[in-house]
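Tertiary structure, described
Below, each chain spelled out in residue letters.
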Amino acid sequence: MAEFVEKYINPFTDFGFKKLFGEELNKDLLLDFLNELLKEEQGQIKDLTYLKTEHLGLTESDRKAIFDLYCENERGEKFIVELQKSKQNFFKDRTVYYSTFPIREQAKRADWNFELKAVYTIAILDFVFDADKNEPEKFRYDVKLKDIETNKVFYDKLTFIYLEMPKFKKSIDELSTRFEKWLYLIRNLNQLERIPESLRERIFEKVFETAEIAKFTPEQILSYEDSLKYYRDLKNSLDTAREEGEAEGIIKGEQIGIVKGKLEVARNMLSIGLSLEVIAQAMELTEDELRKWLNL
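As the structure is a prediction and not an experimental result, all values here were calculated from the model. (Residues numbered from 1 in each chain as written. Predicted model: local features only at pLDDT ≥ 70, side-chain atom pairs only at ≥ 80, totals over all residues. Heavy atoms only, no water.)

Brief notes about a negative patch on the surface
Among the surface-exposed residues, Glu277, Glu287, Asp288 and Glu289 lie close enough to one another that they form a single negatively charged patch. Examining the composition of the negative patch, we find that 3 residues originate from one element, helix 10 (residues 287-294), more than from any other. On the accessibility criterion, Glu287 (35% relative accessible area) is partly exposed. (Patch = residues over 30% accessible without salt bridge, like charges linked within 9 Å, V, L, I, M, F, W, Y side chains within 5 Å. Areas by Shrake-Rupley, 256 points an atom, 1.4 Å probe, with all protein chains shown as cover. Salt bridge = Lys/Arg side-chain N within 4 Å of Asp/Glu carboxyl O. Lys, Arg positive; Asp, Glu negative; His and termini not counted. Charge placed at Lys NZ, Arg CZ, Asp CG, Glu CD. Helix = DSSP H or I, 4+ residues; strand = E, 2+ residues; numbered from the N terminus. Buried < 20%, exposed > 50% of the residue type's maximum accessible area, 1.4 Å probe, protein only.)

Some remarks on the packing of aromatic side chains
Both the distance between ring centres and the angle between the ring planes are used here to describe each pair of aromatic rings. Here the structure, examined in full by the defined rule, presents 17 aromatic pairs. Considering the side-chain rings of Phe91 and Phe129, the 6.3 Å spacing of their centres and the 35 degrees angle between planes classify their relative orientation as tilted. A residue pair is termed long-range when its members are at least 10 positions apart, and Phe91 in helix 4 (residues 91-105) and Phe129 in the loop between strand 4 (119-125) and strand 5 (140-146) qualify at 38 residues. Taking 5.3 Å as the distance between ring centres and 90 degrees as the angle between the ring planes, the aromatic pair formed by Phe127 and Phe129 counts as edge-to-face. Phe127 gets classed as buried once you look at its relative accessible area, which sits at 7%. Feature note: the residues Phe17, Phe21, Phe33, Phe179, Trp182 and Phe204 constitute an aromatic cluster, connected by ring pairs. One Lys or Arg, Lys92, reaches over the ring of Phe129 and ends 4.5 Å from the middle of that ring. Just above the ring of Tyr141 sits the side chain of Lys138; from NZ or CZ to the centre is 4.6 Å. (Phe/Tyr/Trp six-rings, centres within 6.5 Å; stacked < 30°, edge-to-face > 60°. Lys NZ or Arg CZ within 6 Å of the ring centre and 35° of its normal.)

Observations regarding the side chain of Lys19
With respect to the secondary-structure elements, Lys19 resides in helix 1 (residues 14-21). Setting aside residues no more than four positions away along its own chain, Lys19 makes contact with Ile9, Asn26, Thr210, Phe216 and Gln220. (Contact = heavy atoms within 4.5 Å.)

Side note on the pattern of salt bridges
For the structure on display, the rule yields 26 salt bridges. A salt bridge links Asp142 to Arg140; the nearest nitrogen and oxygen atoms lie 2.7 Å apart. Relative accessible area serves as the criterion here: at 22%, Arg140 is assigned to the partly exposed category. Ionic pairing is found between Asp233 and Lys229, a salt bridge with its closest N-O pair at 2.8 Å. On the criterion of helical spacing, the pair formed by Asp233 and Lys229 is a turn pair, its members being 4 residues apart in helix 7 (residues 218-252). What makes Lys229 partly exposed here is its relative accessible area of 46%. Through salt bridges with shared partners, a single network forms among Asp32, Glu36, Lys39, Arg178, Lys181 and Glu201.

Structure below.
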């Protein structure tokens with residue numbers, strides 16, 4: 001069993017994210033985060049219920065496209081919370097598609113009169129969309145259906161929020177709101193050795209208590225090890241692709257370099273046992289395109 005150098009879990013691992021936000025015992029953490037994220041339009045969310053996703057979607061492929069967290073507040077409004085570690089083809093399309101699941105689910109009632117409860121899709125991203133790179137200070141994007149001419153909200157029950165976490169670079173001394181404290185924790189938790197004085201609030205103290213690796217059971221440590229290895233392999237592969245692509249690009253042009261770098265990394269990822277589905281997502285390809293790349 002590995003001995004961890006870091007004291008607290010990495011929230012960008014699947015295990016870490018669900019440990020903090022996906023367990024009934026820690027529901028107050030997710031509740032506080034959502035209240036800070038949505039307080040301007042939601043008011044106070046009093047309670048959350050975790051919902052199962054097995055019956056969402058109309059087809060088997062729908063039901064395999066499961067997001068990280070799905071919950072409902074006391075008013076029946078639905079919240080999809082998704083963690084995305086790397087760029088993926090059509091990710092925005094995917095979040096729009098996900099939002100249709102809880103919408104269609106509401107139509108199952110026999111007495112339904114077409115009135116819908118609000119649906120919020122929240123994506124916490126460990127990357128920056130290419131289209132947003134020229135806005136280094138803007139890390140939060142709130143998307144609704146609006147009229148193009150007046151810019152007024154046409155429909156307020158469908159909301160998409162994207163948080164591009166690499167853009168959030170405030171230090172602990174620069175945090176001015178509770179929401180910023182949450183973003184700082186998500187971005188930096190695994191790099192901290194103790195609770196900063198400015199974060200000594202009950203809810204954040206619980207985050208540190210929940211995230212302390214030394215308090216895990218042996219089974220939890222093994223699960224976290226697997227999750228952390230996957231995260232690091234993915235990040236290292238993407239970094240290698242970027243570096244190799246840049247090096248090749250100096251000699252043969254940027255496009256050729258990136259393609260060759262990605263091809264080599266894809267082979268490396270395959271050699272360490274990652275699935276074609278995971279590799280395709282990391283390379284921003286379809287599985288069929290990846291098979292052609294690798295001559296499979």
